[in-house]
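Examining the three-dimensional arrangement
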Amino acid sequence: MNESTPAAEQLRDFLSRDARELAPLLLGAVLTHESRDGAVSIRLTEVEAYLGPEDSLHPDPGSHTYRGPTPRNAPMFGPAGHLYVYFTYGMHHCTNIVCGPPGVASALLLRAGEIVGGRELAQQRRPTSKSPADLASGPARLAKALGLTTADSGRDALAPPFGLELPSVPSGPVSSGPRVGVAGAGGSEEYAWRFWLTGDPTVSKYKAAKPRTRKQAAAWPPAATFHQR
DNA sequence: CTCGTGATGATCT
DNA sequence: GATCATCACGAGC
């Protein structure tokens, strides 16, 4: 078995707090993933908090757990410090670190970071990246640089082959704003739960959630569809 | 620099 | 069947 060390359990306790409180504290932390090809380490510069459905004061319509547990989001209902990785848009992976008190299905989406170890391997995994600051400047880029897929969802980020190290000194000023790419109310100013290190060059460029142009084909023509097969 | 858009498949209703 | 917690690329300033 893979027993957690006392240090890992202390860190797990640290992560077991409200995602909005934890988010700024986790900026500057270094996440490492060691694989057969080598290790890559990322210093986190941008995260987003997603809350669980248990908090009736702040129900979070932008969270994957908003409508309760499913096979995909199961890790978010588990212990803090584990990974929740999902696949989206048919081609991208995104990585979360589960957090929050036990029984609250919340997590932090890792949106960007600075590669501080294994830059060569990260560049190999992201051949289209044109500068070191681009290597992990976006949630799918970050997952790609770390070599994470849905196969890693549910695994413990506080035990090998992973590792998480908190910043030894305060990481500097933190900014916050609305979450990126979240449709509907969950992306509004009311849920300004995106946090980043002010001025850091690796932070992803902000793009407001575009009002998804809905397909009108299904609704048109409106009346001539009675006898369609 | 800022847009707009196509790619592409798991997931949930 | 619609919706995505996105990225890369190309057109037009």
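Every value quoted in this text rests on a predicted model; they were computed, and no experiment measured them. The numbering scheme is per chain: residues are counted from 1 as the chain's sequence reads. Chain letters start at A and ligand numbers start at 1, both assigned in the order the entries are written. In view of the model being predicted, local features appear only for residues whose pLDDT reaches at least 70, and side-chain atom pairs are presented and counted only at 80 or more, with totals across whole chains, interfaces and linings using the full set of residues.

Focus on the overall build of chain A
- Counting from the N terminus, the helices are DSSP H or I runs at least four residues long and the strands are E runs at least two residues long. Counting its secondary structure elements, chain A contains four helices and eight strands.
- For chain A, the succession of helices and strands along the chain, N to C, is α-α-β-β-β-β-β-α-α-β-β-β.
- Of all 229 residues assigned to chain A, the portion counted as buried reaches 40%.
- The contacts of chain A with a sequence gap of at least 6 include a subset with a gap of at least 24, amounting to 64%. Comment: burial labels come from other C-beta atoms within 10 Å of the residue's own C-beta, placed from the backbone, where a count of 20 or more is buried, 12 or fewer is exposed, and between is partly exposed. By the convention adopted here, residues make contact when the C-beta atoms placed from their backbones lie within 7 Å.

Examining helix α1 (residues 6–15)
- All of the buried residues in α1 are Leu 11, Arg 12 and Leu 15. The buried residues of α1 occupy an angular sector of 105° when the element is viewed end-on, so they sit on one face. For α1, the exposed residues set more than 90 degrees away from the buried face come down to Pro 6, Gln 10 and Asp 13.
- Packing partners of the buried residues in α1 comprise α2 (19–26), β4 (92–99) and β6 (162–165). What the arc measures is the spread of directions leading from the helix axis to the C-beta atoms.

A word on the nonpolar core
- The nonpolar core criterion groups buried Ala, Val, Leu, Ile, Met, Phe, Trp, Tyr and Cys residues into a set whenever they are joined through C-beta atoms within 7 Å. Counting residues in each nonpolar core, the largest one holds 49 residues, and the members touching the most others are Ala 107 and Leu 108.
- When residues of this core are traced back to their parent elements, those giving at least two are α1, α2, β2 (38–50), β3 (83–88), β4, β5 (106–117), α4 (139–146) and β8 (194–197).

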